[in-house]
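# Structural features, examined
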Amino acid sequence: MGRYFFQRLGLLVPVMLGVTLVAFITLHLAPGDPVRVLLGELGQGASQEEIARLRSTLGLDSPLPVQYARFVWRAAQGDLGRSLRTGALVRDEVLARAPFTLVLTVASLGVALAIGIPAGLLSAVYRGRALDHAAMLLALLGVSLPVFWLGLLLMLVFALALGWLPASGFGTWKHLVLPAVTLGLASSALIARMTRSSLLEVLGQDYIRTARAKGLSGKTVLLRHALRSALIPIVTVVGLQLGGLLGGAVLTETVFAWPGLGRLAVSAIYSRDTPLVQGTILFTAIAFVLINLAVDLLYAFLDPRVRYD
Amino acid sequence: MTRNLLAGLVVVLVLMTGSGRAGMGAPAPGETVTVAMLSDATALDPQRTNDGPSFLVINQIYETLLVRTARGLEPRLAVSWRAIGDRTWEFKLRRGVKFHDGTPFNAEAVRFTIDRFINPQARARAYFVLSMVESARVIADDTVQITTRFPFAALLSHLTHPSTAVISPTAAARFGADFVRNPVGTGPFKFESWVARDRITMVRNDDYWGGPPQIARLIVRPIPEASTQIVELESGGVDLIFNMPADSVARLERNPRLVVYKEPSFSTNYIGFHMERAPFTDVRVRRAVGHAVRVAGLITFFLKDLATQANGPLSPVVFGANPDLPGYEYDLDRARALLAEAGVRPGLRPRLIIFESAEWRRIAQAIQAGLQPLGIHVEVDVLEFGTWLSRLDRGDFEMYGSRWGTVTLDADYTLYSLFHSSQIPNPNYSRYKNPEVDRLLDDGRATADQGRREQIYRRAQTLIVRDAPMVFLYYPLSTYAVRSGLQNTAAPFSWINLELRKATVQR
């Protein structure tokens, strides 16, 4: 188990090199020059001389392989450099935004689980009946609704018409409700569908019939015997969602002006702020790998047959 | 790293469970006003930034030597000024003014600010604003002289640009590179805190030389989505939003709890030509395009009258703008005749580059529709802003859509940059070259007499409109909406000049 754990951790190194290299190449292949974007905000002119000067100050005049090697060398020493745009340390910028994203992620996942698992359960138990169809129709809607539309709709109802919740921004727990529900609804739909199909598969197995035959109540069979075995695919989906959400939910954060990593990444891309893009991507990649590792370890706990030796 | 992350998480959680803004200092007595803008500031050091959101905040915390109002140039930190010879100006400074950190404002602070601005090792981001300055000299504690490398009549106007705001020398030295996040100026509001992409909080400067503002706390929130800004304004989450989408203005105007302001701005929207690319090398073709675009319709239907039709490169609020330019009337027959004269046959496919925005998409559609009957099929490239800039720099276009703001409100700022041949290829992207215009623009810089300068610029604009390096479309209005309890606000010529010194709040 320990060996497996460290092997997986070791995988982080090639993953980190891979994602930063891809991000670096993509950013440089894309048209647009960070120096021009920096100097040209109001559309006012900076001379060619000024552009060249700033480019050399920022170290952007070296050949690309040199720039990347420099980035890796410094990153290995824990220095992710400074944002081209704001001059702030990339590490500080990313770490300052990460808690906001983490809070939103956990809350929306809570919403997703609280809705998704019961909905999936009911759907599986009442398979083929009206309740099942209704739940799955809602799930389909939940997956299909664009987040920004749903977000605005919720905002119009709960902030403007009813005045119960603030429309956007960060502040008290009330500010968290709308973005968490918006984000959670889409995931809950996915989780509900996964729970349903996974449960249906398990419910058809022999040991469930046995459990029923020996006189256990329907509830015990469902929750104790069936759900636990059905959890593995659900946990996988939840893990993937969690990893994705940690990268920042760009649309939800934008609609609700939530100060998370998603908006940080997008504005960094728009301003061709390579160090900042690298920093956010690194953080997301690490989070993703660690969560997947946690999910794999959780398999062993949920299913005693799974061993990592 | 993990420890920092955990600490941050704890702070975030504490903030959320508290009544709101725990740990951010006790609220000052009086009213809080919240203002929304589309993106966050990038830096709050006037010399380390050149974007609207940063300047909006900088204008609350810092002050320039002069300001330009509808009445002309007026004193701010300088009380009077006079020319000494043709390259030097002497400024008498306001006395008894202190920076927010207690440092006295004086001639030394002005000298420090200007030296730092033009320092060859670390020039200001908006260096072009003072690139003509040679030196600043302290004459007395309240007297400073600024000398330019060549006679430059628009210097006073340039000293109204927010990048030239006077900074506290002690604070700049104390914070070093972190001065961008710890601004210290002389303005009506003092910086309190900055939560990136969430809010910048300022508090009233009780020692403000012009008398403290009534607003006790000023919060500026970046809200990237315009629809969200509108919901926030209508539900009372924010008190003021800028530049609302044209389609939403009528609805906001019907809301009794809101007041919508529409004011002339210093900007101009235009379509420029690449004058070295056929067929736009021929002035008749460029004029034909001017006659084929139905600007009045564009303004009424697409912009909901939130703009006035342009007849030249300068908005009427700019010093030196020529009100008597003929402009280009919508006249398809005339356009056809001009094209025939120039020997242009149908089937042209010029590329028009614009940056992604609802407004520019609509303009591009109007241009496409207008030129279609002439047999010109415009291919529109809608680009992300950074890509648009680099296409402009590479000269990779036949036509380009752009907006230019005359931030200093002096004709030189725009005419010299866009139409002087020394500015080819950037920012004179049209490659416009007219020796007579060059000479006039040089004269305009060297002439001290403002009346004569005005005549010079009027003549230059007449020539420019005749040569048609661009089709000047419209001067957008600067719009903002406020909760009706917030009164006596102003945003002269642009949202970045938001002015709350005299604002009052009645809830």
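No experiment lies behind these values; they were computed from the predicted model shown. Each residue is numbered by its place in its chain's sequence as written, counting from 1. The lettering of chains begins at A and the numbering of ligands begins at 1, in the order of writing. Totals for whole chains, interfaces and linings use every residue, but because this is a predicted model, local features are given only for residues with pLDDT of at least 70 and side-chain atom pairs only at 80 or more, for both listing and counting.

### Let's talk about the overall build of chain B
Counting secondary structure elements, chain B contains 15 helices and 20 strands. Each radius of gyration is computed over the set of C-alpha atoms, and the globule rule expresses the reference value as 2.2 Å times the number of residues to the power 0.38. Relative to the compact-globule value of 23 Å for 507 residues, chain B shows a C-alpha radius of gyration of 24 Å, a close match. With respect to the three principal axes, the spread of C-alpha positions in chain B is 75 × 55 × 45 Å. Think of it this way: any DSSP run of H or I at least four residues long counts as a helix, any run of E at least two long counts as a strand, and we number them from the N terminus.

### What to know about the overall build of chain A
Broken down by element type, chain A carries 14 helices and zero strands. Across chain A, helices and strands are ordered from the amino to the carboxyl terminus as α-α-α-α-α-α-α-α-α-α-α-α-α-α. The dimensions of chain A, computed from C-alpha atoms along their principal axes, are 85 × 60 × 30 Å. Counting other C-beta atoms within 10 Å of a residue's own tells you its class, since 20 or more makes it buried, 12 or fewer makes it exposed, and anything in between is partly exposed; those C-beta atoms are placed from the backbone. Split into buried and exposed, the 309 residues of chain A put 42% on the buried side. Contacts in chain A between residues far apart in sequence, at least 24 positions, make up 72% of those at least 6 positions apart. Whether two residues are in contact is decided by their C-beta atoms, placed from the backbone, lying within 7 Å.

### Considering the sheet that holds strand 6 (residues 133-140) of chain B
Residue and element names in this part refer to chain B. Strand order in the open sheet made by the four strands is 4-5-7-6, with antiparallel pairing throughout. The sheet is open, and its two edges are formed by strand 4 (78-84) and strand 6, each paired on a single side. Strand after strand, the sheet turns through a mean of 20° between neighbouring axes, direction not considered. Here, strands pair whenever DSSP counts at least two bridges between them. Strand direction decides the pairing type here: strand 6 and strand 7 (residues 143-148), joined by six bridges, are antiparallel. In the sheet register, A140 faces strand 7, and the bridge partner there is T143. Axis lines are fitted through C-alpha atoms, for helices just across the contact stretch, and the angle between N-to-C directions can take any value from 0 to 180 degrees. The strands touched by helix 3 (residues 107-118) are strand 5 (88-93), strand 6 and strand 7; relative to strand 6, the strand with the most contacts, the crossing angle is about 165°.

### Some thoughts on the interface of chain B and chain A
Between chain B and chain A, the contact holds 52 residues from the first and 52 residues from the second. Among the secondary structure elements, those contributing two or more residues to the side of chain B that touches chain A are helix 1 (2-17), strand 10 (215-222), helix 6 (226-235), helix 12 (385-394) and strand 17 (399-405) of chain B. For the side of chain B that touches chain A, the element with the most residues is helix 1 of chain B, which contributes seven residues. Three classes are used: nonpolar for Ala, Val, Leu, Ile, Met, Phe, Trp, Tyr, Cys and Pro, charged for Asp, Glu, Lys and Arg, and polar for all others, with Gly counted as polar. A class-by-class count of the residues in the side of chain B that touches chain A yields 20 nonpolar, 20 polar and 12 charged.

### Here's the deal with helix 13 (residues 411-419) of chain B
In terms of burial, helix 13 of chain B is largely enclosed, as nine of its nine residues are buried. When we look at burial in helix 13 of chain B, the residues that qualify are A411, D412, Y413, T414, L415, Y416, S417, L418 and F419 of chain B.

### Some points on the packing of helix 6 (residues 90-125) of chain A against helix 11 (residues 218-246) of chain A
To characterise two packed helices, one gives the angle between the axes of the helices and the distance between these axes. Residues and elements named next belong to chain A. The geometry of helix 6 relative to helix 11 is characterised by a closest axis approach of 11 Å and an angle of 145° between their N-to-C directions. Remark: the crossing between helix 6 and helix 11 carries right-handed chirality. Where helix 6 abuts helix 11, its residues T101, T105, S108, L109 and V125 lie against L222, Q241, L242, L245 and L246. When its residues are assigned to classes, the contact of helix 6 with helix 11 shows six nonpolar, four polar and no charged. If you view the pair so one helix is near and one far, a crossing is left-handed when the near helix is turned anticlockwise from the far one by less than a right angle, and right-handed when it is turned clockwise.

### Considerations on the nonpolar core
Core analysis: the largest hydrophobic core is formed by 228 residues, its most contacted members being V471 and L473 of chain B. For this core, the element with the most residues is helix 6 of chain A, which contributes 16 residues. In contact with L473 of chain B, other than residues within four places in its own chain, are N269, Y270, I271, V295, A310 and I363 of chain B. To count as a nonpolar core, a set of buried Ala, Val, Leu, Ile, Met, Phe, Trp, Tyr and Cys residues must be joined through C-beta atoms within 7 Å.

### What about unusual backbone geometry?
Residue and element names in this part refer to chain B. For the bond from A278 to P279, the omega torsion is 0°, close enough to zero to count as cis. When you line up the elements, P279 lands in the loop between strand 13 (267-273) and helix 8 (283-292). Cis geometry marks the peptide bond from I424 to P425, where omega comes out at 5°. Along the chain, the position of P425 falls in the loop between helix 13 and helix 14 (435-446). Of note, N243 is a non-glycine position whose phi angle comes to about 45°, a positive value. C-beta crowding within 10 Å serves as the criterion here: with 21 such atoms nearby, N243 is assigned to the buried category.

### Considering the environment of S163 of chain B
Residue and element names in this part refer to chain B. Along the chain, S163 turns up in the loop between helix 4 (155-158) and helix 5 (169-175). S163 gets classed as buried once you count the C-beta atoms within 10 Å, which come to 25. With 101 residues separating them along the chain, S163 and Y62 place their C-alpha atoms 9.7 Å apart. Each residue touching S163, except ones within four places of it in the same chain, is listed here: P46, Q47, N50, A124, A126 and V129.

### Quick word on the confidence of the model for chain A
Taken as a whole, chain A shows an average pLDDT of 84; of its residues, 96% reach a score of 70 or greater. The predictor rates its confidence in each residue with pLDDT, a number between 0 and 100. Put simply, helix 3 (residues 34-39) of chain A is where chain A has its lowest mean pLDDT, 74, and helix 8 (residues 147-161) of chain A is where it has its highest, 91.

### Side note on the confidence of the model for chain B
All names here are of chain B. Taken residue by residue, chain B gives an average pLDDT of 92. The fraction at 70 or more is 96%. Below a pLDDT of 50 lies the segment residues 19-28, which in the model reaches 12 contacts outside its immediate sequence neighbourhood of four places, other chains included. As a predicted assembly, this complex carries a pTM of 0.88 together with an ipTM value of 0.82.

### Considerations on helix 8 of chain B
All names here are of chain B. With eight of 10 residues buried, helix 8 is to be regarded as a mostly interior element. Among all positions of helix 8, only V285, R286, R287, A288, V289, G290, H291 and A292 are buried. At its buried positions, helix 8 is contacted by strand 13, helix 10 (332-341), helix 11 (358-371) and strand 18 (470-483).

### Here's the deal with the environment of L73 of chain B
By the secondary structure assignment, L73 of chain B is in strand 3 (residues 72-75). Once residues lying within four places of it in the same chain are set aside, the contact partners of L73 of chain B are L66, R68 and L156 of chain B.

### Quick notes on the pairing of strand 5 of chain B
All names here are of chain B. Going residue by residue along strand 5, you find W89, F91 and L93 tucked away on one face and T88, E90 and K92 left uncovered on the opposite face. Here strand 4 runs beside strand 5; their pairing, made up of six bridges, is antiparallel. Its bridge partner lying in strand 5, A83 is registered against W89. Counting the residues between successive antiparallel strands, the hairpin from strand 4 to strand 5 contains three residues, one of them, G85, with a positive phi of roughly 70°.

### Side note on the pairing of strand 15 (residues 351-355) of chain B
Residues and elements named next belong to chain B. Of all five residues in strand 15, four are buried, a share of seventy percent or more. As judged from the five bridges shared by strand 15 and strand 16 (residues 379-383), these two strands associate in the parallel manner. If you follow I353 over to strand 16, its bridge partner there is D381. In this fold, the crossover linking strand 15 to strand 16 by way of helix 11 has right-handed handedness. Bridge count for strand 15 against strand 17 is two bridges, and the pairing is parallel. Bridge pairing links L352 to M399 in strand 17. Looking down the strands as they point away from the viewer, one classifies a crossover as right-handed if the path from the first strand across the helix to the second runs clockwise.

### Things to note about the environment of Y208 of chain B
Residues and elements named next belong to chain B. Of note, Y208 is situated in the loop between strand 9 (199-204) and strand 10. Residue Y208 is classed as partly exposed on the basis of its 19 C-beta neighbours within 10 Å. The spacing of Y208 and G187 is 21 residues in sequence and 6.9 Å in space, taken between C-alpha atoms. Not counting residues up to four positions away in its chain, the partners in contact with Y208 are P188 and P213.

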